[in-house]
Amino acid sequence: GAGVSQSPSNKVTEKGKDVELRCDPISGHTALYWYRQRLGQGLEFLIYFQGNSAPDKSGLPSDRFSAERTGESVSTLTIQRTQQEDSAVYLCASSFLAAPETQYFGPGTRLLVL
Amino acid sequence: DQQVKQNSPSLSVQEGRISILNCDYTNSMFDYFLWYKKYPAEGPTFLISISSIKDKNEDGRFTVFLNKSAKHLSLHIVPSQPGDSAVYFCAASGAGTYKYIFGTGTRLKVLA
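Every chain's residues receive numbers from 1 upward, in the order its sequence appears when written. Working convention: letters from A go to chains and numbers from 1 go to ligands, in the order in which they are written. Under the rules for a predicted model, residues below a pLDDT of 70 receive no local features and side-chain atom pairs below 80 are neither given nor counted, while totals for whole chains, interfaces and linings still include all residues. Excluding hydrogens and water, the side-chain figures rest on all heavy atoms present in the structure.

## A short note on the overall build of chain B
Within chain B, the regular secondary structure consists of zero helices and 11 strands. Helical segments are the DSSP runs of H or I of at least four residues, strand segments are the runs of E of at least two, and each set is numbered from the N terminus. Start at the N end of chain B and walk to the C end: the helices and strands fall as β-β-β-β-β-β-β-β-β-β-β. A compact globule built from 112 residues should have a C-alpha radius of gyration of about 13 Å, and chain B, at 13 Å, falls within 12% of that. Dimensions of chain B, computed from C-alpha atoms along their principal axes, come out at roughly 40 × 30 × 20 Å. Within these notes, the globule rule equals 2.2 Å times the number of residues to the 0.38 power, and the radius of gyration is based on C-alpha atoms.

Right, here's the structure in full:
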């Protein structure tokens, strides 16, 4: 595809429900990143993938958060038992492994937990 | 603990003048720094970068300055244009890691 795409663009859910966010990176980009941006805050690193493996999961806020990537392509970020503080824009980015400084971001998924 | 700080949440500049956006960091192990620009309802886009072996990098109207001793970097936009109005994030990374720490952003408004 031409760029990074994310779905859904908006998600409203009830507290306690599970949500799954999807990211389709740019074809050929081996590195993939997830960030979170809460209202009025900066981008908060969550996790990144090299291929299908995640060497650094240190940014995941709790064990309710998990992510996977398959085929060195699509990635899903899953939030179990959502809480109101999970409300944020979740951004995905991808890059070539050799050029992590040039990350291409998707438009984000805006999650609202009621 | 915020390792990358952008202490000015907003900045207004007249068209044609210089915009200076500032960023401070606390981790001396950071060796690569980036600036991203973000328009509403879009993801951030890469603007310019600098490695710790340099103190200046220039790309057209955009120049990034790095002062390692002060742990400070700045982005200069000259001349500023209304289309530059956006939120600007600085980010930093250590050697051998893909983990970028972002600041909270500065909203720049260029007045026509």
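There's plenty left to go through after this.
## Structural notes on the sheet that holds strand β7 (residues 65-69) of chain A
Residue and element names in this part refer to chain A. By this definition, two strands are paired if DSSP reports at least two bridges between them. In spatial order, the strands read β1-β3-β8-β7; together these four strands make up an open sheet with antiparallel pairing. If you trace the sheet from one side to the other, it starts and ends with β1 (5-7) and β7, each paired once. Sheet twist, expressed as the average angle between the axes of neighbouring strands with direction ignored, equals 15°. Alignment of strand β3 (residues 19-24) against strand β8 (residues 75-79), held across five bridges, turns out to be antiparallel. For helices, the fitted line uses only the C-alpha atoms of the stretch in contact; every axis is such a line through C-alpha atoms, and the angle between N-to-C directions lies from 0 to 180 degrees.

## Quick look at the interface of chain B and chain A
Many structure descriptions define interface size as the accessible area lost when the parts assemble. Every residue pair with non-hydrogen atoms within 4.5 Å of one another is taken to be in contact. Taken together, the contact between chain B and chain A spans 16 residues of the former and 20 residues of the latter. When the two sides are added together, the surface that chain B and chain A hide from each other amounts to roughly 1600 Å², 62% of it contributed by carbon and sulfur. Note on definitions: buried area is the accessible-area loss of two parts on being combined, 1.4 Å probe, summed for both. Broken down residue by residue, the surface that chain B buries against chain A is led by Tyr98(B), Lys99(B) and Phe102(B), which jointly contribute 41%. Definition used for salt bridges: Asp or Glu carboxyl oxygen within 4 Å of a side-chain nitrogen of Lys or Arg. Counting across the interface, chain B meets chain A through zero salt bridges.

## Thoughts on the side chain of Thr109(A)
Residue and element names in this part refer to chain A. Summarising the element assignment, Thr 109 is placed in strand β11 (residues 109-113). Looking at Thr 109, the relative accessible area reads 0%, which means it is buried. Once residues within four sequence positions are removed from consideration, Thr 109 is found in contact with Gln 6, Ser 7, Pro 8, Ser 9, Leu 21, Ala 88, Val 89 and Tyr 90. Any residue under 20% of the maximum accessible area for its type is buried, any over 50% is exposed, and the rest in between are partly exposed; the area is computed with a 1.4 Å probe on protein chains only.

## Considering the state of the cysteines
Cysteine sulfur atoms are paired as a disulfide whenever they come within 2.5 Å of each other. Using the criterion set out here, one finds two disulfides over all chains in the structure. Across a sulfur-sulfur distance of 1.8 Å, Cys23(A) and Cys92(A) are joined as a disulfide pair. Across the S-S bond of Cys23(A) and Cys92(A) the torsion is about -65°, and the bridge reads as left-handed. With Cys23(A) in strand β3 and Cys92(A) in strand β9 (residues 88-95), the pair connects residues that are 69 residues apart, well separated along the chain. Per residue, the accessibility class of Cys23(A) equals that of Cys92(A), and both read buried. The partner cysteine of Cys23(B) in its disulfide is Cys90(B), sulfur to sulfur 1.9 Å. Of note, the bridge from Cys23(B) to Cys90(B) carries an S-S torsion of about 65° and is right-handed in sense. Placement of Cys23(B) in strand β3 (residues 19-25) and of Cys90(B) in strand β9 (residues 86-94) is noted, with a sequence separation of 67 residues between them. Side by side, Cys23(B) and Cys90(B) carry an identical accessibility label, which is buried.

## A closer look at the packing of aromatic side chains
Within 6.5 Å between ring centres, the rings of Phe, Tyr and Trp (the latter by its six-membered ring) count as paired, and their orientation is classed by plane angle as stacked under 30 degrees, edge-to-face over 60, tilted in between. For the structure shown, the criterion picks out 14 aromatic pairs over all chains. Measuring from centroid to centroid gives 6.3 Å for Phe105(A) and Phe102(B), while their planes differ by 90°, and the two rings are edge-to-face. Of this pair, Phe105(A) sits in strand β10 (residues 104-105) while Phe102(B) sits in strand β10 (residues 101-102), placing the two residues on different chains. Ring geometry for Tyr25(B) and Phe33(B): centres 4.7 Å apart, planes at 40°, overall tilted. Judged on exposure class, the residue Tyr25(B) and its partner Phe33(B) are both buried. Among the aromatic residues, ring-to-ring pairing joins Tyr33(A), Tyr35(A), Phe45(A), Tyr48(A), Phe105(A), Tyr36(B), Phe46(B), Phe89(B), Tyr98(B) and Phe102(B) into one connected group.

## A closer look at the environment of Asn22(B)
Residues and elements named next belong to chain B. Here Asn 22 shows up in strand β3. For the pair formed by Asn 22 and Phe 65, sequence separation is 43 residues and the distance between their alpha carbons is 9.6 Å. Excluding residues that lie within four positions of it along the chain, Asn 22 makes contacts with Lys 5, Gln 6, Trp 35, His 72, Leu 73 and Ser 74.

## Quick look at unusual backbone geometry
At the junction of Ser7(A) and Pro8(A), the peptide bond is cis and its omega measures out at -10° in the coordinates. Position of Pro8(A) relative to the elements: it lies in the loop between β1 and β2 (10-13). Cis peptide bonds are those with omega within 30 degrees of zero, and the linkage from Val78(B) to Pro79(B) qualifies with -10°. Relative to the assigned elements, Pro79(B) resides in the loop between β8 (72-77) and β9. Positive phi is not limited to glycine here, since Ala41(B) has a value of about 65°. Among the structural elements, Ala41(B) can be located in the loop between β4 (30-38) and β5 (45-51). Backbone geometry places Lys71(B), a non-glycine residue, at a positive phi of 50°. On the secondary structure map, Lys71(B) appears in the loop between β7 (62-67) and β8. Given a relative accessible area of 26%, Lys71(B) falls into the partly exposed group.

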